[in-house]
Amino acid sequence: MTVFFPATDFSGVPGVLGKIVRERVRDYHGADPDVGASRPAARRFEAALKQPGLSLIAEVKRASPSQGAIAPLDPATAARDYQQGGARAISCLTEPRHFSGSKEALLEVVEAVSLPVIRKDFVVHPAMLREAADWGASAALLMVSVLGEATGPYLTLAEHLGLDALVEVHDEAELELALNLNPRIIGVNNRDLTTLHIDLSQSPRLIRLARERGYAGVLVAESGYSNARDLAELHDLADAVLVGSSLAGSGNLAQAARELMAQ
Ligand SMILES: O=P(O)(O)OC[C@@H](O)[C@@H](O)c1c[nH]c2ccccc12
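Values in this document were obtained by computation on a predicted structure and should not be read as measured data.

A. Summary view of the overall build of the chain. Of the regular secondary structure elements, the chain holds 12 helices and 12 strands. For a compact globule of 263 residues, the expected C-alpha radius of gyration is about 18 Å, and the chain comes in at 17 Å, within 12% of that figure. When burial is assessed residue by residue, the chain has 56% of its 263 residues classed as buried. Residue pairs in contact within the chain that sit at least 24 positions apart in sequence constitute 68% of those at least 6 positions apart. Carbon and sulfur atoms make up 49% of the accessible area of the chain, which totals about 10,900 Å². One finds the centroid of the 25 positive side-chain charges in the chain at a distance of 2 Å from the centroid of its 33 negative side-chain charges.

B. Local environment of the pairing of strand β6 (residues 139-143). In terms of residue burial, β6 counts as a mostly covered element, since five of its five residues are buried. The alternating pattern of β6 places Ala 139, Leu 141 and Met 143 and Ala 140 and Leu 142 on opposite faces, both of which are buried. Read as a crossover between parallel neighbours, the route from strand β5 (residues 117-120) over helix α6 (residues 126-134) to β6 is right-handed. Where β6 lies against strand β7 (residues 164-169), five bridges are found, and the strand directions are parallel. By the bridge assignment for β7, Leu 142 is matched with Val 167.

C. Examining the site of the ligand more closely. Inspection of the region around the ligand gives 18 residues, with Glu 59, Lys 61, Glu 168, Ser 223 and Ser 245 positioned closest. For the ligand, an oxygen atom lies 2.7 Å from a polar atom in the side chain of Lys 61. Contacts to the ligand include Glu 168, whose side-chain N or O atom sits 2.6 Å from a nitrogen atom. Look at the ligand: alone it shows 450 Å² of surface, and the protein chains cover 99% of it.

D. Region of interest: the UniProt feature "domain: Indole-3-glycerol phosphate synthase" (unreviewed entry) in the chain. Taken from the UniProt record, the annotation "domain: Indole-3-glycerol phosphate synthase" (unreviewed entry) applies to residues 38-260. With 39% helix and 22% strand, residues 38-260 has its two end C-alpha atoms placed 38 Å apart.

E. Just the packing of aromatic side chains, in detail. Taken as a whole and assessed by the stated rule, the structure comprises one aromatic pair. Plain terms: the ring middles of Phe 99 and Phe 122 are 5.8 Å apart, the flat faces sit at 35° to each other, and that makes the pair tilted. On the criterion of sequence distance, the pair formed by Phe 99 in helix α4 (residues 96-99) and Phe 122 in the loop between β5 and α6 is long-range, its members being 23 residues apart. Both residues of the pair, Phe 99 and Phe 122, count as buried.

F. The arrangement of the packing of helix α3 (residues 75-84) against helix α5 (residues 103-112) in detail. Two numbers describe how α3 lies on α5: the axes approach to 8 Å, and their chain directions differ by 40°. Judged by the angle between their axes, α3 and α5 are oblique. The chirality of how α3 crosses α5 is right-handed. Contacts between α3 and α5 involve Pro 75, Ala 76, Ala 79 and Arg 80 from the first element and Ala 105, Glu 108, Val 109 and Ala 112 from the second. Each residue belonging to the contact of α3 with α5 can be placed in one class, and the counts come to six nonpolar, no polar and two charged.

G. Geometry of unusual backbone geometry. Despite not being glycine, Asn 182 has its phi angle at roughly 45°, a positive value. Here Asn 182 lies in the loop between α9 (172-181) and β8 (185-189).

H. Representation of the nonpolar core in the model. Leu 56, Ile 90 and Leu 129 are the most contacted members of the largest nonpolar core, which has 97 residues in total. Setting aside chain neighbours within four positions, we find Ile 90 in contact with Ile 57, Ala 58, Val 60, Ala 79, Tyr 82, Val 109, Val 113, Leu 115, Pro 116, Val 117 and Ile 118.

I. Quick look at the confidence of the model for the chain. Across the chain, the average pLDDT comes to 95, with 97% of residues at or above 70. If you check the scores for this complex, the pTM reads 0.97 and the ipTM reads 0.98.

Here is what the cut-offs are and how they apply
Along each chain, the written sequence defines residue order, and numbers are assigned to residues from 1. Confidence filtering applies because this is a predicted model: local features only for residues at pLDDT of at least 70, side-chain atom pairs given and counted only at 80 or more, and all residues used for totals across whole chains, interfaces and linings. As a rule here, side-chain values come from all non-hydrogen atoms in the structure, and water together with hydrogens is ignored. The numbering of helices and of strands both runs from the N terminus, where a helix is a DSSP run of H or I of at least 4 residues and a strand a run of E of at least 2. Between the two quantities, the radius of gyration covers C-alpha atoms and the globule rule is 2.2 Å times the number of residues to the power 0.38. For each residue, the accessible area found with a 1.4 Å probe, counting protein chains only, is set against the maximum for its type, and the residue is called buried under 20%, exposed over 50%, and partly exposed in between. Residue contacts are defined here by distance: any two heavy atoms, one from each residue, within 4.5 Å place the two residues in contact. Calculation of accessible area relied on Shrake-Rupley with a 1.4 Å probe; when residues are assessed, cover is drawn exclusively from the protein chains displayed. Positive charges come from Lys and Arg, negative ones from Asp and Glu, while His and the chain ends are left out of the count. Every charge is mapped to an atom, namely NZ of Lys, CZ of Arg, CG of Asp or CD of Glu. The crossover handedness rule: strands pointing away from the viewer, path from first strand over the helix to second strand clockwise, crossover right-handed. The rule for pairing is simple: two strands pair if DSSP sees at least two bridges between them. Residues are classed as near a molecule or strand on a simple rule: at least one heavy atom within 4 Å of it. Each polar contact in these results corresponds to two N or O atoms within 3.5 Å; when the atoms are within protein, one needs to be able to donate a hydrogen and the other to accept it, and residues that are neighboring in sequence are counted only if both atoms are side-chain atoms. UniProt positions are given in the numbering used here, feature names are shortened, and annotations may be inferred rather than shown by experiment. A pair of aromatic rings is counted whenever rings of Phe, Tyr or Trp (Trp by its six-membered ring) have centres within 6.5 Å, and the orientation is called stacked for planes under 30 degrees apart, edge-to-face for over 60 and tilted otherwise. The axes used here are C-alpha line fits, helices contributing only the stretch in contact, and every angle between their N-to-C directions lies in the interval 0 to 180 degrees. Roughly parallel means an angle under 35 degrees; roughly antiparallel, over 145; roughly perpendicular, 65 to 115; everything else is oblique. Take the far helix as the reference: if the near one is turned anticlockwise from it by less than a right angle, the crossing is left-handed, and if turned clockwise, right-handed. Under this grouping Gly is polar, as are all residues other than the nonpolar Ala, Val, Leu, Ile, Met, Phe, Trp, Tyr, Cys and Pro and the charged Asp, Glu, Lys and Arg. Buried residues of nine kinds, namely Ala, Val, Leu, Ile, Met, Phe, Trp, Tyr and Cys, make up a nonpolar core once their side-chain atoms join them within 4.5 Å. What pLDDT reports is the predictor's confidence in each residue, on a scale of 0 through 100.

Here it is, written out as structure tokens:
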């Protein structure tokens, strides 16, 4: 299928995010943009997040630009532990240089658990979504800070491939852009990926704003959560929370997940 992509100029993406994005652009330079025939939507990721109560998306995260090495997790074991600890979906990084992610990690996670899995990467090329579908992911991350006006076409592409999309925003302007596309799932990242600074008030604030604007889709709070207290106000506000570092570095992933979600 053919999707119109506005010229995407990633040279303006600032900071750490810009560096990673330009590396990913080079990685996929010349990759085949053809995504093939349409695939049926399973909507498993979305359905997992819509269950009653705050849903946990637990992330297989071995390293990050802010922390360096977090833990030498075996992806399959980590995903199984998260599932046992009550996670409703698994996020798996596939970015290799800064997050120690890989295709293999994603394949192992998909194989290990019955939960839906989201491919966590810096999507800058249609081939990355085709791969996500081929590798068995149920969803992929689309970052408005990276894709800007191209977020719409990428949403169409994800839909075409039967993938759910988590449309990630960090500030009001990005939220406005996302709301105009009316995606089924919006995530608000507490971390500014250009500076790596975390502000835990960002998600609740923008989630409230989205609801005030009449947004009726699924809302996800992302990043920086390390204990049950941090989640207190999210229980009646967000549909889901995305947590990586604090769980991954805990030493006991199932127990850490249970303790985090306890009210
Ligand atoms: O490790 P944390 O602070 O719990 O955050 C998890 C997740 O939100 C974070 O990994 C993330 C959110 N959006 C991203 C985009 C790219 C890379 C990583 C991310």
